[in-house]
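What follows is the residue order along each chain.
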Amino acid sequence: MEPSTQSSETPILDRLQPLPKLTPPGTGSAVTLSIWILVSIGIVAAWIFWHQGLQDSLRQMIAEDRTSIRGGNGPASLIILLALSALAAFAAVAIHEMGHVLGGFCAGFRFNSIRVGPLEFHRPFRFSIYRGAGKWSGGWVNTYPTKSDHLAGRALVLVISGPVVSILSAFIVLVSPFPKGLIGQIFILASILGGLGDLLPYRTRVSISDGSRIWMLLRQKEMGERWVALMKLAADLGEGAMPETLPAEYIAKAIAVRDNSADTVTAYSIAYSAAFQQHKDAEASQALETCLTYSSFAAPATREALMSDAAVFQARRKKRADISEQWLAEMPPTTQFPGLRARTEAAIFEARGEKAIALKKLDEFEKAILTLPNPVSREISLRFLQRWKAELT
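The sections below set out a description of the structure shown in this document. (Residues numbered from 1 in each chain as written. Predicted model: local features only at pLDDT ≥ 70, side-chain atom pairs only at ≥ 80, totals over all residues. Heavy atoms only, no water.)

Our focus in this paragraph is the pairing of strand E1 (residues 109-116). Strand residues, when the strand is regular, have side chains that alternate between the two faces of the sheet. Burial analysis of E1 places six of its eight residues in the buried class, which makes it a mostly covered element. Relative to strand E4 (residues 139-145), E1 runs antiparallel, the two being bridged by seven bridges. Each residue of the ladder has a partner; that of Ser113, found in E4, is Asn142. In this sheet, strand E2 (residues 119-122) lies alongside E1 in antiparallel orientation, the contact comprising four bridges. Considered in E2, the bridge of Ser113 is made with His122. Count of turn residues in the E1/E2 antiparallel hairpin: two residues, of which Gly117 carries a positive phi of about 60°. (Buried < 20%, exposed > 50% of the residue type's maximum accessible area, 1.4 Å probe, protein only. Helix = DSSP H or I, 4+ residues; strand = E, 2+ residues; numbered from the N terminus. Pairing = 2+ DSSP bridges.)

Attention shifts here to a nonpolar patch on the surface. A cluster of nonpolar side chains, namely Ile160, Val164, Ile167, Leu196 and Leu199, defines an oily patch on the protein surface of about 350 Å² accessible area. The leading source of residues in the nonpolar patch is helix H4 (residues 151-175), at three residues. According to the relative accessible area criterion, Ile160 is partly exposed, its value standing at 35%. (Patch = residues over 30% accessible without salt bridge, like charges linked within 9 Å, V, L, I, M, F, W, Y side chains within 5 Å. Areas by Shrake-Rupley, 256 points an atom, 1.4 Å probe, with all protein chains shown as cover. Salt bridge = Lys/Arg side-chain N within 4 Å of Asp/Glu carboxyl O.)

Now for helix H10 (residues 281-293). In this model, H10 (13 residues) spans 18 Å end to end at C-alpha, consistent with the 18 Å of a helix rising 1.5 Å per residue. Of the residues making up H10, those classed as buried are Ala284, Ser285, Ala287, Leu288, Glu289, Thr290, Cys291 and Leu292. Lining the buried residues of H10 we find helix H9 (262-277), helix H11 (300-316) and helix H12 (321-330). (Expected span 1.5 Å × (residues − 1). Contact = heavy atoms within 4.5 Å.)

This is the structure:
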């Protein structure tokens, strides 16, 4: 769509300007990660070279595999090595994330959920499978502050505790008098490499390193406080709060700064939801326009959700089904968050006065929501959906 010469306070939302294209990840992070991979390979090689017991274990496994292959069987020892490596790496990630939990507890943060690989645990006793990008690598901890003072300083304790516990756990295993074995050696390496590597400042489409967060908290206080405020707002939503009841002081901290990051999009999307539910349409449209303006730094799934939000706002608040249809046409045939097209179509039918069809589309959206593996995302989406249905009926 070509940009129009018409003026508007929300040109992207009104389809007068195109949605910004996705910004490719910066080369700085790629260079940092590439160098660290080479350094990691060097550390592993040096560890094996200087550790006679590890060399003997590897030689024995190679010899056993050769014998097994000659006998017509597969490389059983290699499979065992890979399984042990995965187990040790999983344990190293789990301890790293528990370090964040411990540091957060000491700094006045409340635990909400934890992910290690594809496994998620949500307070109080709920498990789920994470199916998003990066599900087989790393993990994260979801905590939130119990008070709003000194957010940046307390968040620094939360962030740095993960790498510190990783390196400390490796040192404890290393100096312990108990036999290490192959899995112990792999755990030591995984903990050291993971702890040091996460202190490097880099970001990908699906994650931001602890090093980047530490740098932000030390040098960019407002951005650090925004990040912590987003933790609190997300936790409140997860516990059943509706957007309009979210604490205003945390929303203010979340939108106090704009930069080229996904955090800007997240902050303003929450501000948009709060204003939308309060029927503050001018405020909501400005917040949504900000989300769309910075959407090039968001994940593809988030961009698709913003397209749907834009279409829903145009249909439900401005009664512009024609502009909503333009947003629908830009959305992919299959969205990463299930059911977004049905949600958008429901808004269009509502704007046309066809409420019965709109309700059927919302039923389609509800069925899609029920397939979400994450219980928190599922429950939040269902709450919003039930409110919409109630307004229609």
